[in-house]
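Reading the structure
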2 protein chains.
Amino acid sequence: MEQKEISKAVITRLPRYYRYLGELLEDGVERISSGELSTRMKVTASQIRQDLNKFGGFGQQGYGYNVRYLYAEIGKILGIDRQHNLIIIGAGNLGQAIANYANFERRGFMIKGMFDVNPRLIGLVVRGIEIRGVEELEKFIVDNDVQIAALTIPKTKAPEIADRLVKAGIKAIWNFAHIDLAVPDDVVVENVHLSESLMRLSYRVCSMQDEKEKKNLL
Amino acid sequence: MEQKEISKAVITRLPRYYRYLGELLEDGVERISSGELSTRMKVTASQIRQDLNKFGGFGQQGYGYNVRYLYAEIGKILGIDRQHNLIIIGAGNLGQAIANYANFERRGFMIKGMFDVNPRLIGLVVRGIEIRGVEELEKFIVDNDVQIAALTIPKTKAPEIADRLVKAGIKAIWNFAHIDLAVPDDVVVENVHLSESLMRLSYRVCSMQDEKEKKNLL
């Protein structure tokens, strides 16, 4: 299968399909029509057919999708069939929240280590993962074949740490710091900017209120 | 200004403009050209002009944008000039990470309370915010004019709590639980699905690797 054929919009939607297919499997559902999936996911059946038909796993007309096959195929596209070694930089609440999320490991993301500058945190163990000093970062990345670093540190420290990560050969930064990182083209940055998410929510609440007020005035 | 004229794509970009304009203000920059802003933000100058010219705050050709005015205008659009009362449901690591993020308050999001079912957490205080039992939820929402609830609880508990929130009159749910919530049309749900973000990262890392391998084979 040519990965290049898959559009960015479809990629953005794939994790959600993956989640629903996983839930269907847990419920023992082996096949599902685009219509049923459409009702569950609240997207149109034609959108689903357009998104998923290219991945195969559907039999003759009327049979529906083979859930297990489709789940596995989407997992392959998303790279979840491979193991990714991950470290967390910043062992505060957010870093510890990620460390405690065991589901990531079920999807091939193995949390190998945590790092912090705070001497009170260094040496502590979160769900079997030791917190180390950041001075050990570069050696640890090489020794443990780490590809992904979650960055849960203040934005003022993030650019310097990002530089060190890139030099140490990291492939991707999962960036929770509220700043845009400058990295080479072959390093992936996936941002999770909580403030921006909260502002979008705020916008939607306010425009809904404004609309209601307008209606009441009419 | 007609809010309806602003497209969804622009809204998605506004929080990032707001962040950059805020940083410029902190640096004492009072005006900036679309060209300079383009270099900083790594988007094209024409994109910036297209996105921002409708908000005003730009003088004659060659003067550039009035940073303070534009910052205030975008803040108004995003509803950050109003106060939003917020509660956090789930006082685990993720809930505490949000409670500890003082920046939200600077943007008008006042964290009024935290809730949990764990008796070990109830009664504790995080940055001045007391953790209460969920049985107090409905009364607290009414008494404190709470509009937004951050949901940082496991997905199995989320639908039931969401129902209670809606009945108690909440306007928006900032949903970190890995499930799609069914709510009435006039309740906003903004999802932060960390697993999905990590899968998109994984996809991007894998397709970059595959491309490199392809090149090496040629």
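Above: the structure in question.
Figured I'd write up the structure that's included with this text.

About the thresholds
- Sequence order as written defines the numbering, with residues in each chain counted from 1.
- To label them, take the chains in the order written and letter them from A, then take the ligands in the order written and number them from 1.
- Reporting in this predicted model follows two pLDDT cut-offs: at least 70 for local features of residues, and 80 or more for side-chain atom pairs to be given and counted; totals over whole chains, interfaces and linings ignore these cut-offs and use all residues.
- Hydrogen atoms and water are omitted, and side-chain values are computed over all heavy atoms in the structure.
- By the criteria applied, helices consist of DSSP H or I runs no shorter than four residues and strands consist of E runs no shorter than two, each listed in order from the N terminus.
- Each residue's exposure class comes from its accessible area (1.4 Å probe, protein chains only) as a fraction of the maximum for that residue type: buried when under 20%, exposed when over 50%, partly exposed otherwise.
- Note on contacts: a residue pair is in contact if any heavy atoms of the two residues lie within 4.5 Å.
- Computed with a 1.4 Å probe, the accessible areas rest on the Shrake-Rupley method; for each residue, only the protein chains presented here act as cover.
- Nitrogen and oxygen atoms within 3.5 Å of one another constitute a polar contact, given that in protein one can donate a hydrogen and the other can accept it, and given that sequence-neighbouring residues count only through two side-chain atoms.
- All axes are obtained by fitting lines to C-alpha atoms, using only the stretch in contact for helices, and the reported angles, taken between N-to-C directions, cover 0 to 180 degrees.
- Crossings are sorted by hand: turned counterclockwise from the far helix by less than a right angle, the near helix makes the crossing left-handed, and turned clockwise it makes it right-handed.
- Three residue categories are used. Nonpolar comprises Ala, Val, Leu, Ile, Met, Phe, Trp, Tyr, Cys and Pro, charged comprises Asp, Glu, Lys and Arg, and polar comprises the others, including Gly.
- Computed with a 1.4 Å rolling probe, the buried area is the accessible surface lost when two parts are put together, summed over both parts.
- Think of a salt bridge as a Lys or Arg side-chain nitrogen and an Asp or Glu carboxyl oxygen that are within 4 Å of each other.
- For two strands to be treated as a pair, DSSP must find at least two bridges joining them.
- Alignment of copies: least-squares fit on C-alpha atoms of residues with pLDDT of at least 70 in both copies.

This part takes up the overall build of chain A. Assigned secondary structure in chain A consists of nine helices and nine strands. With the C-alpha coordinates of chain A rotated into their principal frame, the extents come out at 60 × 55 × 35 Å. Residues classed as buried in chain A amount to 51% of the 218 residues present. Long-range pairs, those at least 24 residues apart, make up 54% of the contacts in chain A between residues at least 6 apart in sequence. Element-wise, carbon and sulfur atoms account for 50% of the exposed surface of chain A, whose accessible area totals about 10700 Å².

Attention shifts here to the environment of Gln83 of chain B. Residue and element names in this part refer to chain B. Take Gln83: it is sitting in the loop between helix H4 (67-78) and strand E3 (84-89). Separated by 59 residues in sequence, Gln83 and Val142 place their C-alpha atoms 16 Å apart. The contacts of Gln83, once residues within four sequence positions are left out, are Gly108, Met110, Lys112 and Gln147. Here the side chain of Gln83 touches Asn85 through a polar contact of 2.8 Å, side chain to side chain.

All right, on to the side chain of Asn175 of chain A then. Residues and elements named next belong to chain A. With respect to the secondary-structure elements, Asn175 resides in strand E8 (residues 172-175). By relative accessible area, Asn175 is classed as buried at 0%. In this structure Asn175 touches Leu151, Leu181, Val189, Glu190, Asn191, Val192 and His193, once residues within four positions along its chain are discounted.

Turning our eyes to something else, we now look at the packing of helix H1 (residues 8-26) of chain B against H4 of chain B. All names here are of chain B. Remark: H1 packs on H4, axes separated minimally by 9 Å, with the N-to-C direction vectors making an angle of 145°. Here the hand of the crossing between H1 and H4 comes out left-handed. Only Val67, Arg68, Leu70, Tyr71, Ile74, Gly75, Ile77 and Leu78 of H4 make contact with H1, whose side of the interface consists of Ile11, Leu14, Pro15, Tyr17, Tyr18, Leu21, Gly22, Leu24 and Leu25. Tallied by class, the residues present in the contact of H1 with H4 amount to 14 nonpolar, two polar and one charged.

Bringing the interface of chain A and chain B into the picture now. Tallying the contact residues gives 68 residues for chain A and 68 residues for chain B. Both faces combined, the contact of chain A with chain B buries some 6200 Å², and carbon together with sulfur accounts for 58% of it. When residues of chain A are sorted by the area they lose upon contact with chain B, Leu198, Met199 and Tyr203 of chain A head the list and together hold 12% of the total. The interface formed by chain A and chain B contains 16 salt bridges. A salt bridge links Arg19 of chain B to Asp180 of chain A; the nearest nitrogen and oxygen atoms lie 3.3 Å apart. Elements that contribute at least two residues to the side of chain A that touches chain B include exactly helix H1 (8-26), helix H4 (67-78), strand E3 (84-89), helix H5 (93-99), E8, strand E9 (188-191) and helix H9 (194-217) of chain A. No other element matches the 20 residues that H9 of chain A contributes to the side of chain A that touches chain B. Its residues placed into classes, the side of chain A that touches chain B shows 32 nonpolar, 15 polar and 21 charged.

Here we take up the sheet that holds E8 of chain A. If you walk across this open sheet you meet the seven strands as E5-E6-E4-E3-E7-E8-E9 (chain A), and the pairing is mixed. Each having just a single partner strand, strand E5 (125-126) and E9 of chain A make up the two edges of the open sheet. For E5 of chain A and strand E6 (residues 129-133) of chain A, the ladder comprises two bridges, and the chain directions are antiparallel. The partner of Val126 of chain A across the bridge, within E6 of chain A, is Ile129 of chain A. With respect to the sheet, helix H9 (residues 194-217) of chain B is in contact with E3, strand E4 (109-116), strand E7 (148-151), E8 and E9 of chain A, its orientation differing from that of E9 of chain A by roughly 165°.

The next point concerns unusual backbone geometry. Residue and element names in this part refer to chain A. Notably, Arg127 is not glycine yet its phi reads approximately 45°, a positive angle. Within the secondary structure, Arg127 is located in the loop between E5 and E6. Residue class for Arg127 comes out partly exposed when judged on its relative accessible area of 35%.

A few words now on the pairing of E7 of chain A. Residue and element names in this part refer to chain A. Of the two faces of E7, the one holding Ile148 and Ala150 and the one holding Ala149 and Leu151 are both buried throughout. With four bridges joining them, E3 and E7 adopt parallel strand pairing. Directly across from Ile89, in E7, lies its bridge partner Leu151. Here four bridges tie E7 to E8, and the two strands are oriented parallel to one another. Of the residues in E8, the one forming a bridge with Leu151 is Asn175.

Let's shift gears to the pairing of strand E4 (residues 109-116) of chain B. All names here are of chain B. Among the eight residues of E4, six are classified as buried, and the element is accordingly described as predominantly covered. Pairing between E3 and E4: six bridges, direction parallel. Residue pairing in the sheet places Ile89 in a bridge with Phe115 of E4. Summarising the sheet, E4 and strand E6 (residues 129-133) pair through three bridges and their orientation is parallel. Among the inter-strand pairings, Asp116 is bridged to a residue of E6, identified as Gly133.

This next bit is on the relation of the copies chain A and chain B. Rotating chain A by 180° and translating it 0.0 Å along the rotation axis places it on chain B, where the RMSD comes to 0.0 Å. The symmetry that links the two subunits is that of a two-fold axis. By C-alpha distance to the rotation axis, the residue of chain A lying nearest is Asn93 of chain A, at 2.5 Å. When the interface residues of chain A are mapped onto chain B, 100% of them are again interface residues, pointing to one common binding face.

All we've got here are geometric facts, nothing functional implied.
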